[in-house]
Amino acid sequence: LSVQTFSQTDKNNIVKTNVTAYAFRNINLTYERVLSKRFSITAGFGTMPKGSIPFASTYLKDTEVKDPQVALTNFTVETRIYLGEGYGKGFYIAPYYRYTSVNAENATITMDYTTTPDPTKISGKATGNSAGLLLGAQWFFGSSKNWVVDWWIIGGHYGAGSGDFRANSFRPLTAQEQQELKKEIDDLNIPMVKYTTTTDANGADVKMDGPWAGFRSGLSVGYRF
């Protein structure tokens, strides 16, 4: 019995990357440490270098937002509970925490706060802290069972976020135009988001607070040692 236990736990470390995330320009790496038959802990890092939003043409084509440039970073810590064979193998449930930071630059939006609509440049940063639950399954392959496939079947997280954004006008604004710009931003009525707007001759500052949510799904490949 002691030999069998040792043979299943002598490779307690796994490094892997979610290959499906690269379609979204997301470079990522996850480390998992198997603690026992039922439990492991993982820590993951992902980053999307600054560039166009992946597949933006699909969901921004009917909006006035043009040429947004974004960069994203996230850190994830999770505890896995293996329900089947264990020792890092089989189906699992994983409560997790995620921190996300998003930077946006050079998004151009045309706002109707004057008789002649003016383009405005939007830039800023938002961060979010959230907790969630992931359901997945992991398998080992190869003659030495060193190769790993980790399927994130479905997961979701929810929390709170905040952001500071700057809207820069292409020309100086009069006092009346500043008031109209503030009113236009305040009238956006973004659901569930609280924000405050201050304006000056060059544009507006917007501070936002609200819910932060997301989902996880994908396929990771890695190595066990």
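Just so we're clear, the structure is a prediction, and the values are computed from it rather than from any experiment.

S.K.: Explain the pattern of salt bridges to me, please; I cannot follow it from the model alone.
M.R.: If the charged atoms of two oppositely charged side chains come close together, the side chains can form a pair. With the rule as written, the count across this model stands at 14 salt bridges. For Lys 183, the salt bridge is made with Asp 187, and the minimal N-O distance between the two is 2.8 Å. Residue Asp 187 is classed as partly exposed on the basis of its relative accessible area of 42%. Bridged by salt links that share partners, the residues Lys 16, Glu 32, Glu 78, Arg 80, Asp 150 and Arg 216 form one connected network.

S.K.: Looking at this structure, I do not really get the side chain of Ser 40. What am I missing?
M.R.: Locating Ser 40 in the fold gives a position in strand β3 (residues 39-52). Accessibility expressed as a relative area gives 0% for Ser 40, which makes it buried. In this structure the side chain of Ser 40 is engaged in a polar contact, spanning 2.7 Å, whose partner is the side chain of Glu 32. Once residues lying within four places of it in the same chain are set aside, the contact partners of Ser 40 are Glu 32, Arg 33, Val 34, Leu 35, Glu 78, Thr 79, Arg 80 and Tyr 82.

S.K.: Just to check I follow, could you spell out the side chain of Arg 224 for this structure?
M.R.: By the secondary structure assignment, Arg 224 is in strand β10 (residues 203-224). The charged side chain of Arg 224 is buried without a salt bridge, its nearest counter-charge being Asp 10 at 4.8 Å.

S.K.: Could you clarify how one ought to interpret unusual backbone geometry in this entry?
M.R.: The general pattern is negative phi for most residues beyond glycine and trans for most peptide bonds. A positive phi angle is found at Asn 106, which is not glycine, with a value near 60 degrees. In this structure, Asn 106 sits in strand β6 (residues 90-111). A positive phi angle, near 55 degrees, is found at Lys 145, a position not held by glycine. Topologically, Lys 145 is positioned in the loop between β7 (118-141) and β8 (147-169).

S.K.: So what exactly am I meant to see when it comes to the pairing of strand β2 (residues 27-34) here?
M.R.: Along any regular strand, the residues point their side chains to alternate faces of the sheet. Of the two faces of β2, only the one carrying Asn 28, Thr 30, Glu 32 and Val 34 is buried; Ile 27, Leu 29, Tyr 31 and Arg 33 on the other face are not. Counting the residues between successive antiparallel strands, the hairpin from β2 to β3 contains four residues.

S.K.: In this structure, what is going on with the environment of Ser 101? I would like to understand it.
M.R.: The residue Ser 101 is located in strand β6 in this model. Judged by relative accessible area, Ser 101 falls into the buried class, the value being 8%. C-alpha of Ser 101 to C-alpha of Asn 129: the two residues are 28 residues apart in sequence and 9.2 Å apart in space. Those residues in contact with Ser 101 that sit more than four places away from it in its chain are Ala 71, Leu 72, Thr 73, Lys 125, Ala 126 and Thr 127.

S.K.: Explain the environment of Thr 199 to me, please; I cannot follow it from the model alone.
M.R.: Considering the arrangement of structural elements, one finds Thr 199 in strand β9 (residues 194-200). Distance from Thr 199 to Arg 166, taken between C-alpha atoms, is 9.7 Å for residues 33 residues apart in sequence.

S.K.: Teacher, can you tell me more about the packing of aromatic side chains here?
M.R.: Each aromatic ring pair is described using two quantities: the centre-to-centre distance and the angle formed by the ring planes. A full pass over the atoms with the stated rule returns four aromatic pairs. Measuring from ring centre to ring centre gives 5.1 Å for Phe 45 and Phe 75, while their planes differ by 45 degrees; the resulting arrangement is tilted. Within this pair, whereas Phe 45 is found in strand β3, its partner Phe 75 is found in strand β5 (residues 69-82), the two being separated by 30 residues in sequence. On the basis of relative accessible area, Phe 75 is assigned to the partly exposed category, the value being 41%. Here the aromatic rings of Trp 147 and Tyr 223 are separated by 5.1 Å at their centres, their planes lie at 75 degrees, and the arrangement is edge-to-face. On the criterion of sequence distance, the pair formed by Trp 147 in strand β8 and Tyr 223 in strand β10 is long-range, its members being 76 residues apart. The rings of Phe 45, Phe 75 and Tyr 99 are connected pair by pair, giving a single aromatic cluster. Taking NZ or CZ as reference, Arg 80 lies 3.9 Å from the ring centre of Tyr 92, over its face.

S.K.: What's the story with the confidence of the model for the protein chain in this structure? I'm lost.
M.R.: Detailed reading of the predicted coordinates is not advisable wherever pLDDT falls low. Averaged over the protein chain, the pLDDT score is 89; the fraction of residues at 70 or greater is 88%. Below pLDDT 50 for its whole length, residues 1-7 participates in one contact with residues either more than four positions away or in separate chains.

S.K.: How do you make sense of the pairing of β10 when you look at a structure like this?
M.R.: Where strand β1 (residues 13-18) and β10 come together, five bridges link them in antiparallel fashion. When the bridges of β10 are listed, Asn 18 appears paired with Ser 220. Pairing of β8 with β10 involves 20 bridges; the strand directions are antiparallel. Bridge assignment links Phe 165 to a residue of β10, and that residue is Val 206. Following β9, the chain reverses through two residues before pairing antiparallel with β10.

Conventions adopted
Residues numbered from 1 in each chain as written. Predicted model: local features only at pLDDT ≥ 70, side-chain atom pairs only at ≥ 80, totals over all residues. Heavy atoms only, no water. Salt bridge = Lys/Arg side-chain N within 4 Å of Asp/Glu carboxyl O. Buried < 20%, exposed > 50% of the residue type's maximum accessible area, 1.4 Å probe, protein only. Helix = DSSP H or I, 4+ residues; strand = E, 2+ residues; numbered from the N terminus. Polar contact = N/O pair within 3.5 Å; in protein donor to acceptor, adjacent residues only side chain to side chain. Contact = heavy atoms within 4.5 Å. Lys, Arg positive; Asp, Glu negative; His and termini not counted. Pairing = 2+ DSSP bridges. Phe/Tyr/Trp six-rings, centres within 6.5 Å; stacked < 30°, edge-to-face > 60°. Lys NZ or Arg CZ within 6 Å of the ring centre and 35° of its normal. pLDDT = per-residue confidence, 0-100.

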